[in-house]
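Residues per chain, in single letters:
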Amino acid sequence: MFVISPSKSLLLIVVLIVTSSVKDTSAIKCYQCNSAVDVGCDLVDTLQADRFTHFYKECNQSYEGNEPFCRKIEFELLDREVEERRILRICGWIPSNRRRSCVEFTTDNHYQMECECHDDGCNVSSQLSVSLFALASTVFVFFLRLRQ
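Report follows, based on the coordinates. (Residues numbered from 1 in each chain as written. Predicted model: local features only at pLDDT ≥ 70, side-chain atom pairs only at ≥ 80, totals over all residues. Heavy atoms only, no water.)

## Quick word on the overall build of the protein chain
Across its full length, the protein chain carries two helices and seven strands. Shown N-terminal to C-terminal, the secondary structure of the protein chain runs as helices and strands in the order α-β-β-β-β-β-β-β-α. When each of the 148 residues of the protein chain is scored for burial, the buried share is 28%. A separation of at least 24 residues holds for 67% of the contacts in the protein chain among residues at least 6 apart in sequence. Carbon together with sulfur atoms contributes 56% to the accessible area of the protein chain, which is approximately 10,500 Å² in total. (Helix = DSSP H or I, 4+ residues; strand = E, 2+ residues; numbered from the N terminus. Buried < 20%, exposed > 50% of the residue type's maximum accessible area, 1.4 Å probe, protein only. Contact = heavy atoms within 4.5 Å. Areas by Shrake-Rupley, 256 points an atom, 1.4 Å probe, with all protein chains shown as cover.)

## A look at the pairing of strand β5 (residues 84-92)
Bridge analysis of strand β2 (residues 33-34) against β5 gives two bridges, and the strand direction is antiparallel. By the bridge assignment, N34 is partnered in β5 with L88. In this structure, strand β4 (residues 69-77) lies alongside β5, joined through nine bridges in antiparallel fashion. Bridging across to β5, I73 finds its partner in L88. Connecting β4 to the next strand, β5, in antiparallel fashion are six residues. (Pairing = 2+ DSSP bridges.)

## Overview of the environment of H54
Positionally, H54 belongs in the loop between β2 and β3 (56-58). Separated by 22 residues in sequence, H54 and Q32 have C-alpha atoms that sit 8.9 Å apart.

## Section: the pattern of salt bridges
Summed over the entire model, instances satisfying the criterion amount to four salt bridges. The residue E74 makes a salt bridge to R85 at a minimum N-O spacing of 2.9 Å. Taken as a pair, E74 in strand β4 and R85 in strand β5 lie far apart in primary sequence, eleven residues in all. One salt bridge in this structure joins R86 and E84, with 2.2 Å as the shortest N-O distance. (Salt bridge = Lys/Arg side-chain N within 4 Å of Asp/Glu carboxyl O.)

These values are about where atoms sit, not about what they do.
Okay, structure coming up:
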């Protein structure tokens, strides 16, 4: 069994926290497309990211002092003879100020889900995101169990 000393485990935790919290100073990059006009926009996926580099673009630095983030909006138009599903991947500058990163709502004629995220390329179809707190907590609990 692999055993790490308490001092080395603490060092490892610190290194993990520091490296995962360092932000790049350049502007955030998001996938930017509209499935109504951009073929393949609805297929953007992290597993095949190299197929969609033409949608991966840098956002402008800021808008009225707000830093950009990535946004993905999925909606279905329900009041048509044939339902239409669209996906819009864009940069956002004005946050929604909601507690969850995604919100869903339905009106008489459409269903919509909007998601906001703050990491490069995070507005893809299948992306797992782990918060720094969750990562640090998991590592900490793991090393506590090793010491017992």
